[in-house]
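Structure at a glance
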Amino acid sequence: MKLNTAVIDVETLNKMLKKKQSTLRLILGDQLNINHSWFNNVDDSITYILMEIRSETDYAQHHIQKVIGIFAAMQQFAQELKSRKHNVIYLKLNDKNNLHSFDENCDLLIEKNNYTQFEYQLPDEYRVDEHLKNYSKSLKIASHVIDSEHFYSSRSELKNLFEGKKMYLMETFYRHMRKKHNILIVDGDKPLHGKWNFDEENRQKLPKHHKPTAPLLFLNDVSEIENDIKKASIKTIGVIDAKIFLWPVNREQSLQLLEFFAKECLPLFGRFQDAMAPNAWSLYHSRLSFSMNIKLISPKEVVNRAILEYTKRPEEIEYNQLEGFVRQIIGWREYMRGIYWLKMPEYATLNYFEHTEKLPKWFWTGKTKMNCLKNAISQSLQFAYAHHIQRLMITGNFSLLAGVNPNEVDAWYLGIYIDAFEWVEITNTRGMSQFADGGIVGTKPYVSSATYINKMSSYCTGCYYDKAKKTGYKACPFNSLYWNFYDKHEVKLAKNPRIGMMYNVWRKMQPSAKAELLEQADYYLKNIDEL
Ligand code: FAD
Ligand code: DLZ
Ligand code: SF4
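On a predicted model such as this, the values are computed, not experimentally measured, just so you know.

Section: the overall build of the protein chain
- Within the protein chain, the secondary structure is distributed over 21 helices and seven strands.
- Computed over C-alpha atoms, the radius of gyration of the protein chain comes to 25 Å, within 12% of the 24 Å expected from 2.2 N^0.38 for 531 residues, which places it in the range of a compact globule.
- The principal-axis extents of the C-alpha atoms in the protein chain amount to approximately 95 × 55 × 55 Å.
- When each of the 531 residues of the protein chain is scored for burial, the buried share is 55%.
- Counting only contacts in the protein chain whose residues sit at least 6 apart along the sequence, the fraction spanning at least 24 positions is 75%.
- Once the 70 positive and 62 negative side-chain charges of the protein chain are each reduced to a mean point, those two points are 3 Å apart.

Some points on the pairing of strand β1 (residues 23–26)
- Of the two faces of β1, both are covered, the one formed by Thr 23 and Arg 25 as well as the one formed by Leu 24 and Leu 26.
- Pairing of β1 with strand β2 (residues 46–51) involves four bridges; the strand directions are parallel. Looking across to β2, one finds that Leu 26 is bridged to Ile 49.

What about the side chain of Arg 333?
- Relative to the assigned elements, Arg 333 resides in helix α12 (residues 319–343).
- Although buried, Arg 333 forms no salt bridge, and the nearest oppositely charged side chain, Glu 334, lies 4.5 Å from it.
- Contact partners of Arg 333, with chain neighbours within four places excluded, come to His 150, Phe 151, Met 292, Asn 293, Pro 299, Gln 328 and Trp 423.

Some thoughts on the packing of α12 against helix α16 (residues 422–433)
- Running from N to C, α12 and α16 point in directions that differ by 90°, and their axes come no closer than 9 Å. When the axes of α12 and α16 are compared, the pair comes out roughly perpendicular. On α16, the residues that touch Trp 332, Arg 333, Met 336, Arg 337, Ile 339 and Tyr 340 of α12 are Glu 422, Trp 423, Ile 426, Thr 427, Asn 428 and Met 432.

Quick look at the sheet that holds strand β3 (residues 87–91)
- Taking strand neighbours across the sheet as the criterion, the five strands line up as β3-β2-β1-β4-β5 in an open arrangement whose pairing is parallel. This sheet does not close on itself; its edge strands, each paired only once, are β3 and β5 (142–146). On average, each strand axis in the sheet is inclined to that of its neighbour by 20°, with strand direction left out of account.
- Across five bridges, the pairing between strand β4 (residues 117–121) and β5 is parallel. In the sheet register, Gln 121 faces β5, and the bridge partner there is Ile 146.
- Helix α5 (residues 126–138) contacts β1, β4 and β5 of the sheet and is inclined by roughly 165° relative to β4.

Looking at the site of ligand 1
- In the vicinity of ligand 1, 29 residues are found, and the nearest of them are His 285, Ser 286, Arg 287, Tyr 385 and Asn 428.
- Take Asn 293: an N or O atom from its side chain is 2.9 Å from an oxygen atom of ligand 1.
- Here an oxygen atom of ligand 1 sits 2.7 Å away from a polar atom, N or O, in the side chain of Tyr 385.
- Of all the elements in the fold, those that place two or more residues in the shell around ligand 1 are α10 (289–293), α12, α14 (388–401) and α16.
- Residues from two domains meet in the shell around ligand 1; each of domain 2 (157–343) and domain 3 (361–530) gives at least three.

Some thoughts on the site of ligand 3
- Contacts to ligand 3 come from Met 370, Asn 371, Cys 372, Ala 450, Ile 453, Tyr 459, Cys 460, Cys 463, Tyr 465, Lys 467, Cys 476 and Phe 478.
- Mapped by element, the contributors of at least two residues to the shell around ligand 3 are α13 (371–383) and α17 (450–456).
- Considering only residue class, the shell around ligand 3 consists of 10 nonpolar, one polar and one charged.

A word on the pairing of β2
- Burial analysis of β2 places six of its six residues in the buried class, the great majority of the element.
- Side-chain alternation along β2 places Ile 46, Tyr 48 and Leu 50 on one buried face and Thr 47, Ile 49 and Met 51 on a second face that is also buried.

A short note on the pattern of salt bridges
- Counting across every chain of the model gives 33 salt bridges.
- Close ionic contact of Asp 129 with Arg 155 constitutes a salt bridge, the shortest N to O distance being 2.9 Å. Of the two residues, Asp 129 is situated in helix α5 and Arg 155 in the loop between β5 and α6 (157–161); the sequence distance between them amounts to 26 residues.
- Members of the salt-bridge network, linked through shared partners, are Glu 259, Lys 263, Arg 305, Glu 309, Arg 313 and Glu 316.

Remarks on the domain arrangement of the protein chain
- Per the domain assignment, the segments making up the protein chain are domain 1 (10–146), domain 2 (157–343) and domain 3 (361–530).
- Here domain 1 and domain 3 have C-alpha centroids that lie 41 Å from each other.
- At the junction of the two partners, domain 1 supplies 12 residues and domain 3 supplies 14 residues.
- Of the roughly 1000 Å² buried between domain 1 and domain 3 on both sides combined, carbon and sulfur atoms contribute 58%.
- Counting across the domain 1 and domain 3 interface gives zero salt bridges.

Observations regarding the environment of Lys 140
- Inspection of the secondary structure puts Lys 140 in the loop between α5 and β5.
- Assessed through its relative accessible area of 74%, Lys 140 is described here as exposed.
- It is 10.0 Å that separates the C-alpha atoms of Lys 140 and Phe 118, two residues lying 22 residues apart in sequence.

The rules behind the values
Residues numbered from 1 in each chain as written. Chains lettered and ligands numbered in written order. Predicted model: local features only at pLDDT ≥ 70, side-chain atom pairs only at ≥ 80, totals over all residues. Heavy atoms only, no water. Helix = DSSP H or I, 4+ residues; strand = E, 2+ residues; numbered from the N terminus. Rg over C-alpha atoms; globule rule 2.2 N^0.38 Å. Buried < 20%, exposed > 50% of the residue type's maximum accessible area, 1.4 Å probe, protein only. Contact = heavy atoms within 4.5 Å. Lys, Arg positive; Asp, Glu negative; His and termini not counted. Charge placed at Lys NZ, Arg CZ, Asp CG, Glu CD. Pairing = 2+ DSSP bridges. Salt bridge = Lys/Arg side-chain N within 4 Å of Asp/Glu carboxyl O. Axes fitted to C-alpha atoms, helices over the stretch in contact; angles between N-to-C directions. Parallel < 35°, antiparallel > 145°, perpendicular 65-115°, else oblique. Near = heavy atom within 4 Å. Polar contact = N/O pair within 3.5 Å; in protein donor to acceptor, adjacent residues only side chain to side chain. Domains from an automatic or database assignment. Nonpolar A, V, L, I, M, F, W, Y, C, P; charged D, E, K, R; others polar. Buried area = accessible area lost by both parts, 1.4 Å probe.

Below, the structure is given as structure tokens:
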């Protein structure tokens, strides 16, 4: 007998067998984008699956508000899809048939419901990307991956832009994005108002009697979700009052927060972007990172809404407020993502200064006499939020000066903030804040003594320590730790043109003064849990 052989794919085989085509589409907890093309048409042969699973609740010790926020948003999103007549399966945390991993749950459903195709959107996190790539390869049915249709740039855009270059300057990337997307551009490729970056007009301290606008908060009752999390004994950090979960959990609330930002906060956003004050936990910041990172709203919507407000109120909103805000989103946010996809997985292992210390215990309680750290940490535990300068120049600055292992620092940041997803957390923490990448993201380490903290905040006024003292009783720890850091890393840093000046000061200091500073730093480092 003569045999004919041919290579055919699974899809063709299914068609030949006249098997009814049906597709399982996986939606991750940070892919809640209702405007994705997946949802343009209702198709009865397609089923969407969302799942609350231990692989995701346990890969970091998350803030309780982060887990609740993601579950609440996932549940609302599933409801929204159902109300639009899509087929949806929602696996809750304590469902008996929940196997707690993306692949095992999908396997079970594929077997039970005979799906002929599996589809997912490009994940934002390397770990999940690898997991789903391998899972797809292992499947006996056809599988497809599609873009998440959220970002301005593709995963490889930054890589392509800097091909053959040694430095990955954010400013270069930002200008490229402005031109490519025609944002705040005139005459084809020129920056509006003659300059690309108006940063030097920002960065002011809050005036003494200035009362910042109160933040818009939501009163979401999430007690049911909190009970589920407690029942499953998931280890979390931080606190929650489950009757008043204040973060947006759906698109409508996210759009309300965007409106509030445009009307109330944008006019002073840039000016007080770097300011810090006790009891004012978000100042004029947008608090839109959570909504954007889980894709309830898109960066385009946010940028366009801010530009519209500026256009409507040119007398009230100075251009530097707008440009500063747009730069954070089309510049920093997209840039960090590009660096992530360029440098992972190696990026997660970088430790330029070879730091090995542990974080002080009070990073989990806020119980320290250092007022700046007490405020930044306490508000993070209370709200799962701190703004950029608190993250960079208070907690990040201290961790770097204290020589903490970047793995420890990353784990803390990945857990504590409601907006923390690895692609944007690790590049900011390990890169920008800890300089563990040796200068890929930043051109110099962000460290400071009390001088900077006092310049940008009123924390020092109420502090146990004395901001002006470098050594001795109640001397501010930042002051000696700062010089200790430069001394310890002279070989790695002295040649950096942005730091050379500091080494001139250090070298000219009296040997006795230097020794006193190093002794003070040594004492503080040995007694770090008591600070
Ligand atoms: P706004 O001040 O209102 O800024 C508007 C938007 O710009 C933000 O929502 C955010 O999407 C974007 N943005 C601003 N700065 C950055 C930046 N450096 N990188 C990326 N996007 C930026 N951001 C996260 O979204 N997730 C994180 O896990 C995260 N971890 C950080 C860790 C450290 C050590 C540092 C220094 C920064 C981190 N950031 C992170 C960046 C930034 O601090 C937050 O995006 C911002 O504080 C979120 O608050 P907001 O929405 O009120 O921001
Ligand atoms: C962060 C998170 C948490 C805590 N829980 C879930 C979950 O139960 N189910 C889910 O689909 N996603 C969750 N996420 C978000 C994922 O970790 C995120 O989708 C990946 O990190 C990819 O970016
Ligand atoms: Fe922070 Fe030092 Fe100021 Fe105290 S004195 S708030 S520790 S910088």
